[in-house]
Amino acid sequence: LIGEYVFINYPLWIFDNGTLTNTQIDNENYTVAILPLRDNRRIYYGMDLIISETNMKISYAGPRIIFRYKDDGNYVCFGFFNDGNVHLINRDSSGLSIIKSVAFKLETGRKYNIAIISSQTKVSLLIDGNTVMEYEGNEMNPTPPNVGVYAAYSQLIASEITAFDPDSQSGDLPDEV
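Small disclaimer: the values here were computed from a predicted structure and weren't measured.

Attention now moves to the overall build of the protein. Per the secondary structure count, the protein includes zero helices and 14 strands. When its helices and strands are written in sequence order, the protein yields β-β-β-β-β-β-β-β-β-β-β-β-β-β. The 177 residues of the protein split such that 49% are buried. Sequence separation of 24 or more characterises 62% of the internal contacts of the protein that already satisfy a separation of 6 or more.

To continue, consider the environment of Ala 151. Here Ala 151 shows up in strand β13 (residues 146-152). For the pair Ala 151 and Pro 63, spaced 88 residues apart in sequence, the C-alpha separation works out to 4.7 Å.

Our focus in this paragraph is the pairing of strand β6 (residues 62-71). The buried count for β6 comes to eight of ten residues, which makes it a mostly enclosed element. Here seven bridges tie β6 to β13, and the two strands are oriented antiparallel to one another. Its bridge partner being in β13, Phe 67 is matched across the sheet by Val 147. Pairing geometry for β6 and strand β7 (residues 74-80), over five bridges, is antiparallel. Counterpart to Phe 67 in the pairing with β7 is Val 76. Connecting the antiparallel pair β6 and β7 is a turn made up of two residues.

Across the protein, the average pLDDT comes to 75, with 72% of residues at 70 or higher. Per-element confidence in the protein is highest for strand β12 (residues 130-136), whose mean pLDDT is 94, and lowest for strand β1 (residues 6-8), whose mean pLDDT is 56. In the predicted structure, residues 170-177 sits below a pLDDT of 50 and forms 13 contacts with residues beyond four places in sequence or in another chain.

To continue, consider the side chain of Asn 90. As for its placement among the helices and strands, Asn 90 is situated in strand β8 (residues 85-92). Among the polar contacts made by the side chain of Asn 90, one reaches the side chain of Asp 92 at a distance of 3.2 Å.

The next point concerns the environment of Ile 117. Its location among the elements puts Ile 117 in strand β10 (residues 111-118). For Ile 117, a relative accessible area of 2% gives the class buried. Note: C-alpha distance between Ile 117 and Glu 134 (17 residues apart in sequence) is 9.5 Å.

The next subject is the nonpolar core. Counting 33 residues, the largest nonpolar core has Phe 78, Phe 80, Leu 88, Ile 114 and Leu 125 as its most contacted members. Dropping the residues within four chain positions of it, Phe 80 is found in contact with Ala 61, Gly 62, Pro 63, Ile 65, Asn 85, Val 86, Phe 104, Leu 106, Ile 114, Leu 125 and Ile 127. Of all hydrophobic cores here, the second largest spans eight residues; its members include Ile 66, Tyr 75, Cys 77 and Phe 81.

Phi is mostly negative for residues that are not glycine, and the peptide bonds are mostly trans. Its identity is not glycine, yet Asp 128 carries a phi of approximately 50°, on the positive side. With respect to the secondary-structure elements, Asp 128 resides in the loop between β11 (122-127) and β12.

Judged by its relative accessible area of 33%, Asp 128 falls in the partly exposed class. Residue contacts for Asp 128: discarding those within four places in its chain leaves Arg 110, Lys 111, Tyr 112 and Asn 113. At 2.9 Å, the side chain of Asp 128 and the side chain of Arg 110 are in polar contact.

Criteria and thresholds
- Residues numbered from 1 in each chain as written.
- Predicted model: local features only at pLDDT ≥ 70, side-chain atom pairs only at ≥ 80, totals over all residues.
- Heavy atoms only, no water.
- Helix = DSSP H or I, 4+ residues; strand = E, 2+ residues; numbered from the N terminus.
- Buried < 20%, exposed > 50% of the residue type's maximum accessible area, 1.4 Å probe, protein only.
- Contact = heavy atoms within 4.5 Å.
- Pairing = 2+ DSSP bridges.
- pLDDT = per-residue confidence, 0-100.
- Polar contact = N/O pair within 3.5 Å; in protein donor to acceptor, adjacent residues only side chain to side chain.
- Core = buried A, V, L, I, M, F, W, Y, C linked by side-chain atoms within 4.5 Å.

See the structure below:
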């Protein structure tokens with residue numbers, strides 16, 4: 001996926017050989033790929049993620065996987081915070097709201113395979129093939145299928161980023177949402 005699509009908001013990121021690496025730990029920054037996928041379809045997102053460093057003094061520090069990105073004020077993401085939880089977060093004109101949280105902490109230096117399966121009202125988060133969170137409801141933005149990585153006071157490496165409509169693909173896919 002990297003290099004094939006337009007990325008926005010990426011001055012603090014390095015693109016090298018199919019890998020995204022953010023270069024700063026002392027701020028919040030993100031990059032998002034604008035994808036040529038149809039809106040409001042079931043979308044599969046996947047990536048390998050390594051957190052190399054996190055500012056442990058900030059409770060909301062850590063990576064976020066952005067999906068359904070429309071613009072800076074409208075997206076959905078999974079946030080892996082220092083509080084030991086992963087949070088499903090919606091951002092819209094009302095601001096940020098945590099929809100659901102479950103206990104899960106990413107370890108620094110370990111590589112994780114992250115998969116998100118998202119449809120209009122359902123989302124599942126899989127880490128290393130295990131379902132960590134499932135959610136169904138209307139609180140999520142029904143915005144475009146763009147995907148990205150957000151680093152909040154953390155340094156991370158994302159690789160093998162993929163996104164596609166599994167209903168039009170063949171091959172082995174995670175279970176349906």
